[in-house]
Amino acid sequence: MSKRPAAFLDRDGVLNRDTGYAHRPDQIEWIDGAMEAISLLKKRGYLVFVVTNQAGIARGYYDVADVEALHQWMDAQLRAQGGGIDDFRISPYHPDFDDGRFTGLADWRKPKPGMILDLIGHWDIDLSRSFMIGDRMTDMEAAEAAGLPGHLFEGGSLLQLVNGLLPAAPN
């Protein structure tokens with residue numbers, strides 16, 4: 001099987017509005033064009049990954065199972081629209097709330113590239129055609145540390161940004 005390009009996406013602020021510690025479906029408000037952007041990426045042969053810091057776990061606001069259930073729901077919503085997420089990585093680690101449970105994942109917390117590097121190690125990815133989209137400089141730093149171009153999403157339509165990143169569709 002040939003290597004495929006991948007889009008690494010932050011979650012809060014890129015796929016859904018960042019309302020602070022979202023961990024239930026009723027807290028998700030999709031970003032304009034997010035579902036369409038994921039569908040376009042899938043149609044163009046991209047692997048789509050979510051890499052998200054989830055300090056709310058370390059803070060005790062919710063647990064890993066809550067985030068995994070939310071991600072299953074988000075994936076189902078996206079698949080119903082012709083998209084879907086191939087894999088998720090979360091970093092529950094936060095240095096200010098480290099009780100030892102997640103210390104081994106410290107290099108997964110963006111701006112460190114651990115989540116991206118873990119996905120690269122598990123999937124057959126064409127890095128030369130891959131990229132990261134995030135809404136914070138820590139996302140850009142993680143992308144750079146992993147050897148990927150990073151693109152800052154500053155609001156508006158995610159579909160418009162993704163359209164501008166993809167090579168022209170073959171005729």
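In case you missed it, the structure is sitting above this.
Not measured: the values here are computed from a predicted model.

> Could you clarify how one ought to interpret the packing of helix α1 (residues 34-43) against helix α6 (residues 158-165) in this entry?
Two measures define how a pair of helices packs: the angle their axes make with one another and the distance between the axes. Taken N-terminus to C-terminus, the directions of α1 and α6 make an angle of 25°; their axes are 7 Å apart at the nearest point. The orientation of α1 with respect to α6, classified from their angle, is roughly parallel. Side by side, α1 and α6 meet where Ala34, Glu36, Ala37, Leu40 and Leu41 of the first sit next to Leu158, Leu159, Val162 and Asn163 of the second. For the contact of α1 with α6, the class distribution of residues is seven nonpolar, one polar and one charged.

> For this particular structure, what's the right way to read the sheet that holds strand β1 (residues 6-9)?
Each strand in a sheet pairs with its neighbour through backbone hydrogen bonds, running either in the same direction (parallel) or in the opposite one (antiparallel). On the basis of which strands lie adjacent, the open sheet formed by five strands has the order β3-β2-β1-β4-β5 and parallel pairing. At either end of the open sheet lies a strand with only one pairing partner, and these are β3 (87-91) and β5 (150-152). The mean angle between the axes of side-by-side strands here comes to 20°, regardless of whether they run parallel or antiparallel. Bridge analysis of strand β4 (residues 131-134) against β5 gives three bridges, and the strand direction is parallel. When the sheet's bridge partners are listed, Ile133 is paired in β5 with His151. Along the sheet, helix α4 (residues 114-122) contacts β1, β2 (47-53), β3 and β4; its crossing angle with β3, the most-contacted strand, is approximately 150°.

> In this structure, what is going on with the packing of aromatic side chains? I would like to understand it.
When we look at a pair of aromatic rings, we describe it by the centre distance and by the angle of the planes. Under the defined criterion, the tally for this structure stands at five aromatic pairs. Here the aromatic rings of Trp30 and Trp73 are separated by 6.3 Å at their centres, their planes lie at 20°, and the arrangement is stacked. Within this pair, whereas Trp30 is found in the loop between β1 and α1, its partner Trp73 is found in helix α3 (residues 64-80), the two being separated by 43 residues in sequence. Note on Trp30: relative accessible area 18%, which makes it buried. Grouped by ring-pair contacts, the aromatic residues Phe8, Phe49 and Trp123 constitute a single cluster.

> Any chance you could explain helix α5 (residues 137-145) here in plain terms?
Think of an α-helix as turning once every 3.6 residues; residues three or four places apart then point the same way. Among the residues of α5, Asp139, Met140, Ala142 and Ala143 are the ones counted as buried. Mapping the buried residues of α5 onto a view down its axis gives an arc of 160°, with all of them on the same face. Those residues of α5 that are exposed and aimed more than 90 degrees away from the buried face are Met137 and Glu144. Tucked into the core, α5 has its buried residues touching α4, β4 and β5. One or two residues past the end of α5 sits Gly147, with phi positive at roughly 85°.

> Sorry, what's going on with the environment of Pro95 here?
Here Pro95 lies in the loop between β3 and α4. As for Pro95 and Ala55, which are separated by 40 residues in sequence, their C-alpha atoms are 9.2 Å apart.

> Would you take a moment to explain the side chain of Thr52 for this structure?
Mapped onto the elements of the fold, Thr52 is located in strand β2. Here Thr52 falls in the buried class, since its relative accessible area comes to 1%. Within the structure, the side chain of Thr52 is placed 2.8 Å from the side chain of Gln54, a separation counted as a polar contact. Setting aside residues up to four positions removed in sequence, Thr52 forms contacts with Asp10, Arg11, Asp12, His71, Arg89, Ile90, Ser91, Lys110 and Met115.

What counts, and at which threshold
Residues numbered from 1 in each chain as written. Predicted model: local features only at pLDDT ≥ 70, side-chain atom pairs only at ≥ 80, totals over all residues. Heavy atoms only, no water. Axes fitted to C-alpha atoms, helices over the stretch in contact; angles between N-to-C directions. Helix = DSSP H or I, 4+ residues; strand = E, 2+ residues; numbered from the N terminus. Parallel < 35°, antiparallel > 145°, perpendicular 65-115°, else oblique. Contact = heavy atoms within 4.5 Å. Nonpolar A, V, L, I, M, F, W, Y, C, P; charged D, E, K, R; others polar. Pairing = 2+ DSSP bridges. Phe/Tyr/Trp six-rings, centres within 6.5 Å; stacked < 30°, edge-to-face > 60°. Buried < 20%, exposed > 50% of the residue type's maximum accessible area, 1.4 Å probe, protein only. Arc of directions from axis to C-beta. Polar contact = N/O pair within 3.5 Å; in protein donor to acceptor, adjacent residues only side chain to side chain.

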